[in-house]
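Next come the chains, spelled out residue by residue.
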Amino acid sequence: MNKPALHLNLVVKDIADEMRRRPDRGEVASYIPELARVDPKHFGIAVFDDEGNLACGGDCDMPFSIQSVSKVFTLTLALGRYGDRLWQRVGREPSGSAFNSIVQLEYERGVPRNPFINAGAIAITDMILSGHQPREALGEILRFMRFLAGDATITIDEAVAASEQRTGYRNIALANYMKSFGVLDNAVDLTLGVYFHQCAIAMSCKQLAMAGRFLAHNGRNPATGMSVVNPERARRINAVMMTCGHYDGSGEFAYRVGLPGKSGVGGGILAVAPGKASIAVWAPGLDAAGNSHLGRVALEALTKRLGWSIFGA
Ligand code: GLN
């Protein structure tokens, strides 16, 4: 192993050790009953550098519910199908409000602020569903994840999907509200069915870091040489991750970590160091904004030690 890879390994192991010991673990999401059962002691991290070296620590092979991290991939898929027309349906400004907030939707006539808050992600899923049966749309999303991660074993945790379907009152309200403005094309229950299942995709940190590599390398996964999106599109997806990926915690994440990142209430975060690395962390305990507490702490330590913040040392 070369010197930078050795150093990366050391840093990642250090961070995993520190995170295992920390007492401040945040609170696991409780509004999805199945997620409330996850042990907050878990911590995993996986980093793929530009040469394809993998450094990982903790529970980096254990699948977890990717939840809103899936929104990066559905945005990528929908951009592939609709191109920039997508932005007529969904904005790309930070919301400054919670991920499941409904307030802005009334002012903005049902047009969600960005594709990463729940309303925006539901609108994107609705676009992917159009012209398909829910099963086909879900199959397309899952195949895309498997293709990006190079791993055909990735599946959907049906118990998590069913759990959210039973208790997803807010999302049902958001979707109905958007539907009343004509922003959704499909039946609300069909769009939400796909959305809840995409959120319930289970992946490990290793699989997720692999799936995110195209965003770190101008749209191309260096492992396969396959181009997923063009460089301009990769840059723009990263920009939206930077400004909106952590909801009303996006400013804090930029301030502390300094990388485009997308969180999920399962406790996962995918972060992208452009030209350098794709990083996935998982710590199920969340902060007040619904973002992984130790996930963010770990990423802050990583970018600090490696000088990876896009804003400089
Ligand atoms: N499935 C979750 C929800 O819609 C995703 C939210 C999240 O991960 N922030 O509430």
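Refer to the structure above for everything that follows.
Residues numbered from 1 in each chain as written. Predicted model: local features only at pLDDT ≥ 70, side-chain atom pairs only at ≥ 80, totals over all residues. Heavy atoms only, no water.

Comments concerning the nonpolar core
- F73, L86, I201 and M203 are the most contacted members of the largest nonpolar core, which has 79 residues in total.
- Beyond its immediate sequence surroundings of up to four residues, M203 is in contact with M62, P63, F64, I66, M145, A149, I154, L208 and A211. (Core = buried A, V, L, I, M, F, W, Y, C linked by side-chain atoms within 4.5 Å. Buried < 20%, exposed > 50% of the residue type's maximum accessible area, 1.4 Å probe, protein only. Contact = heavy atoms within 4.5 Å.)

Section: the site of the ligand
- If you check the shell around the ligand, you find Y31, Q67, S68, F99, N118, E164, N171, Y195, C199, Y247, G264 and V265 and nothing else.
- At 2.5 Å from an oxygen atom of the ligand is found a side-chain nitrogen or oxygen belonging to S68.
- Contact between the ligand and Y247: a nitrogen atom at 3.0 Å from a side-chain N or O atom of the residue.
- Taken by itself the ligand offers 300 Å² of open surface, and the protein chains cover 99% of this.
- When the residues that make up the shell around the ligand are grouped by side-chain class, the tally is six nonpolar, five polar and one charged. (Near = heavy atom within 4 Å. Polar contact = N/O pair within 3.5 Å; in protein donor to acceptor, adjacent residues only side chain to side chain. Areas by Shrake-Rupley, 256 points an atom, 1.4 Å probe, with all protein chains shown as cover. Nonpolar A, V, L, I, M, F, W, Y, C, P; charged D, E, K, R; others polar.)

Quick look at the pairing of strand β1 (residues 44–49)
- Taking burial as the measure, the six residues of β1 include six buried ones, the bulk of the element.
- Pairing geometry for β1 and strand β2 (residues 54–58), over five bridges, is antiparallel. Directly across from A46, in β2, lies its bridge partner C56.
- Hairpin remark: β1 followed by β2, antiparallel, with four residues in the connecting loop; positive phi at G52, about 90°.
- Examined bridge by bridge, β1 and strand β8 (residues 277–282) share six bridges and lie antiparallel to one another. Residue pairing across strands places G44 opposite W282, the latter belonging to β8. (Helix = DSSP H or I, 4+ residues; strand = E, 2+ residues; numbered from the N terminus. Pairing = 2+ DSSP bridges.)

Description of the state of the cysteines
- Throughout the structure, instances matching the rule amount to zero disulfides.
- Between C60, a cysteine without a disulfide, and C56, which holds the nearest cysteine sulfur, the sulfur-to-sulfur distance is 3.4 Å.
- Looking at the unpaired C199, the closest cysteine sulfur is the one in C244, lying at 17 Å.
- By relative accessible area, which is 1% here, C199 ends up buried. (Disulfide = S-S within 2.5 Å.)

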